[in-house]
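Working through the structure, step by step
The primary structure of each chain is shown beneath.
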Amino acid sequence: MREATKQKLFEATLRLSASRGLVGLTVDDIATEAGVAKGTVYYNFGSKDGLIDGLLRYGVDLAAGRLRAAVSDADPLTVLEAQIDVTLAFIAEYPGFSQILVSELWRTPGQWHDTLALLREELISIVKGQLQRLDDAGRLPAGVAIPTAAAGLFGTMLVVALDWQVFQPGRTRDEVRDAVMVLVRGLGRA
């Protein structure tokens, strides 16, 4: 039951944050949206900050699970394409979480910086694995800094996906994925 309640609170927070951001949200708002008593938030998370920390971990776990599920022994460019596709699908499904992640991840170190630093590394390491496979196969230009390239690709996936949701909602996911792959394929040429 406790996990179901946490899920309701996460979903309520995501719905509200998509339109209002995190800063203006109150525990009362979240509890009302989730259909639970205010004390339920405190019981499960201790505070609004605890809820947001849990939400960040929950969302990144979901995203990381999808990125890992896209990993296979296929050509690394094919795997990267699948990872881009699952990232786009994730952001289409959870735009509120994605907005939180983008706004908090690259902000001057703030309240959730330590949590986000760990979560960022988890996500980027999955992308880094495929770039490393490309490098091991001699398909990246000499001297490419894999950690920096992985961070750049991950950031590109997030920003392009949000841009798609906000400014280009008429485009299909395939079109957006293919546009990102133009950049990725440029990397894959030796």
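In the nomenclature of an unreviewed UniProt entry, the protein chain is known as DNA-binding transcriptional regulator, AcrR family of Amycolatopsis saalfeldensis.

With that out of the way, let us pick up the overall build of the protein chain. Check the secondary structure of the protein chain and you find 9 helices and 0 strands. Since a compact globule built from 190 residues should have a radius of gyration of about 16 Å, the 18 Å found for the protein chain is in line with a globular shape. For the protein chain, the spread of C-alpha atoms along the principal axes amounts to about 60 × 35 × 35 Å. For the protein chain, the residues scored as buried account for 42% of the 190 residues in total. Within the protein chain, contacts between residues separated by at least 24 positions form 70% of all contacts whose residues are at least 6 apart in sequence. Per element, the accessible surface of the protein chain, about 9,300 Å² overall, is 55% carbon and sulfur. When the 20 basic and 23 acidic side-chain charges of the protein chain are each reduced to a single mean position, those positions are 2 Å apart.

UniProt records the feature "DNA-binding region" (unreviewed entry) for residues 26–45 in the present numbering. Spanning residues 26–45, this segment combines 80% helix with 0% strand, and its end C-alpha atoms are found 14 Å apart.

Listed as buried for helix H3 (residues 38–45) are Val-41, Asn-44 and Phe-45. The buried residues of H3 occupy an angular sector of 80 degrees when projected down its axis, which confines them to one face. Here the buried face of H3 lies against helix H1 (2–20), helix H2 (27–34) and helix H4 (48–69). Directly beyond the C-terminal end of H3, a positive phi value near 85 degrees is found at Gly-46.

The description of an aromatic ring pair uses the distance of the two centres, along with the angle that the planes make with each other. Evaluated as defined, the whole model comprises 4 aromatic pairs. Between Phe-10 and Tyr-58, the ring centres sit 4.7 Å apart and the planes meet at 25 degrees, which makes this aromatic pair stacked. Residue Phe-10 is located in helix H1, and its partner Tyr-58 is located in helix H4; the two are separated by 48 residues in the primary sequence. Its relative accessible area of 6% is what places Phe-10 among the buried residues. Measuring from ring centre to ring centre gives 5.0 Å for Phe-90 and Tyr-94, while their planes differ by 45 degrees; the resulting arrangement is tilted. A relative accessible area of 18% places Tyr-94 in the buried class.

Criteria and cut-off values
- Residues numbered from 1 in each chain as written.
- Predicted model: local features only at pLDDT ≥ 70, side-chain atom pairs only at ≥ 80, totals over all residues.
- Heavy atoms only, no water.
- Helix = DSSP H or I, 4+ residues; strand = E, 2+ residues; numbered from the N terminus.
- Rg over C-alpha atoms; globule rule 2.2 N^0.38 Å.
- Buried < 20%, exposed > 50% of the residue type's maximum accessible area, 1.4 Å probe, protein only.
- Contact = heavy atoms within 4.5 Å.
- Areas by Shrake-Rupley, 256 points an atom, 1.4 Å probe, with all protein chains shown as cover.
- Lys, Arg positive; Asp, Glu negative; His and termini not counted.
- Charge placed at Lys NZ, Arg CZ, Asp CG, Glu CD.
- UniProt positions renumbered as here; feature names shortened; annotations may be inferred.
- Arc of directions from axis to C-beta.
- Phe/Tyr/Trp six-rings, centres within 6.5 Å; stacked < 30°, edge-to-face > 60°.

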